[in-house]
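In case you want the letters, here they are:
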Amino acid sequence: MGGLVAFILGLFCWTFVEYAVHGWMSHTYDTFVRSLHAVHHRDPHAVFAVGVWPPVAVSWLAAVYVWRWSDGVLFFTGMACGFALYELLHYRLHFARSLTGLERRLRQRHLAHHFVNSSVCLGVTSPLWDWVFGTEPNPAQMKQFAAATSHIMPLEGRSNARLLGQVMLRGWRRVES
């Protein structure tokens, strides 16, 4: 498999992992993720999976060191980039005004998930798996959901994103000592 294909496949597979973690592990089944995710639904300022980034970064660095830029590492790089794009988009959906029509539609879907019906619109970066698994509202429902959430302005104040830097800095200081 070519490196670019492996990377793109990793990006694509991330969308399924995102749906599985958010839809099944956070909303459908009683898993350890459910209580962590409930914090975000109670306080949308808590948008980042801060604790996940250090192990992802260490795993990625170790994989590059051991296997260089093999197809497997490029696939993992695509998944990690998908995760990073998810985090960035998720932050923007809560804290920023939409810049494009696509971002506006994704924000409408995410706000519908948060404030109207938490069992629909489980994909944040893509509606693909919602279509596949039947959790995508029909167009009439989506229109109603969009109207019900149109008054919700982007959040103000700080998110917990700064915690990522603090966690990484503490880990770096441990390595140095």
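Predicted model only: the values in this text are computed from it and were never measured. (Residues numbered from 1 in each chain as written. Predicted model: local features only at pLDDT ≥ 70, side-chain atom pairs only at ≥ 80, totals over all residues. Heavy atoms only, no water.)

**Q** Would you explain unusual backbone geometry in this entry?
**A** Glycine aside, the phi torsion of most residues is negative, and most peptide linkages are trans. Of note, arginine 68 is a non-glycine position whose phi angle comes to about 50°, a positive value. Classification of arginine 68 as exposed rests on a relative accessible area of 52%. The backbone of cysteine 121 shows a phi angle near 55°, a positive value even though the residue is not glycine. Tracing the chain through its elements places cysteine 121 in the loop between helix H5 (101-115) and helix H6 (128-133). (Buried < 20%, exposed > 50% of the residue type's maximum accessible area, 1.4 Å probe, protein only. Helix = DSSP H or I, 4+ residues; strand = E, 2+ residues; numbered from the N terminus.)

**Q** What should I look at first to understand helix H1 (residues 3-28) in this one?
**A** Since the α-helix advances by 3.6 residues per turn, residues separated by three or four positions end up pointing in the same direction. End to end, H1 covers 35 Å across 26 residues, agreeing with the expected 38 Å (1.5 Å per residue, within 8%). Among all positions of H1, only Ala6, Gly10, Trp14, Thr15, Glu18, Tyr19, Ala20, His22, Gly23, Ser26 and His27 are buried. Of the surrounding elements, those touching the buried residues of H1 are helix H2 (32-42), helix H4 (71-95), H5 and H6. (Expected span 1.5 Å × (residues − 1). Contact = heavy atoms within 4.5 Å.)

**Q** Hey, could you run me through the packing of H1 against H4 in this one?
**A** Any two packed helices are characterised by how steeply their axes cross, that is the angle between the axes, and by the distance between the axes. Between H1 and H4, the least distance of the axes is 7 Å, while the angle of their chain directions is 45°. The angle between the axes of H1 and H4 places the two elements in the oblique class. Note that H1 runs across H4; the crossing there is right-handed. Where H1 abuts H4, its residues Gly3, Ala6, Phe7, Leu9, Gly10, Leu11, Cys13, Trp14, Val17 and Glu18 lie against Asp71, Leu74, Phe75, Thr77, Gly78, Met79, Cys81, Gly82, Phe83, Leu85 and Tyr86. (Axes fitted to C-alpha atoms, helices over the stretch in contact; angles between N-to-C directions. Parallel < 35°, antiparallel > 145°, perpendicular 65-115°, else oblique. Left-handed = near helix turned anticlockwise from the far one by under 90°.)

**Q** Would you mind showing me how to read the nonpolar core here?
**A** Burial of nonpolar side chains together is a common tendency in soluble globular proteins. Judged by nonpolar contacts, Trp14, Trp53, Val56, Ala80, Phe83, Tyr86, Leu89, Leu93, Leu106 and Val124 together constitute the single largest core of 10 residues. For this core, the elements supplying multiple residues, two or more each, are helix H3 (53-67) and H4. Of the residues forming this core, the biggest block, 5 residues, is contributed by H4. Grouped together as the second largest cluster of nonpolar side chains are 5 residues, Val120, Cys121, Met142 and Phe145 included. (Core = buried A, V, L, I, M, F, W, Y, C linked by side-chain atoms within 4.5 Å.)

**Q** I tried to follow the layout of surface pockets on my own but got confused; where do I start?
**A** It is a probe the size of a water molecule, rolled over the atoms, that shows where empty space is left. Volume-wise, the second largest pocket comes out at about 360 Å³. Lining of the second largest pocket is provided by 20 residues; of these, Leu89, Leu102, Leu106, Thr125 and Ser126 occupy positions nearest its centre. Broken down by secondary-structure element, the contributors of at least two residues to the lining of the second largest pocket are H1, H4 and H5. For the lining of the second largest pocket, the element with the most residues is H4, which contributes 6 residues. Here the residues of the lining of the second largest pocket are counted per class, giving 10 nonpolar, 5 polar and 5 charged. (1 Å grid on protein atoms, 1.4 Å probe; cavity = no way out; pocket = protein on both sides within 12 Å on 5 of 7 lines; lining within 4 Å. Points joined across faces, edges and corners; volume = space filled by probe spheres on them. Nonpolar A, V, L, I, M, F, W, Y, C, P; charged D, E, K, R; others polar.)

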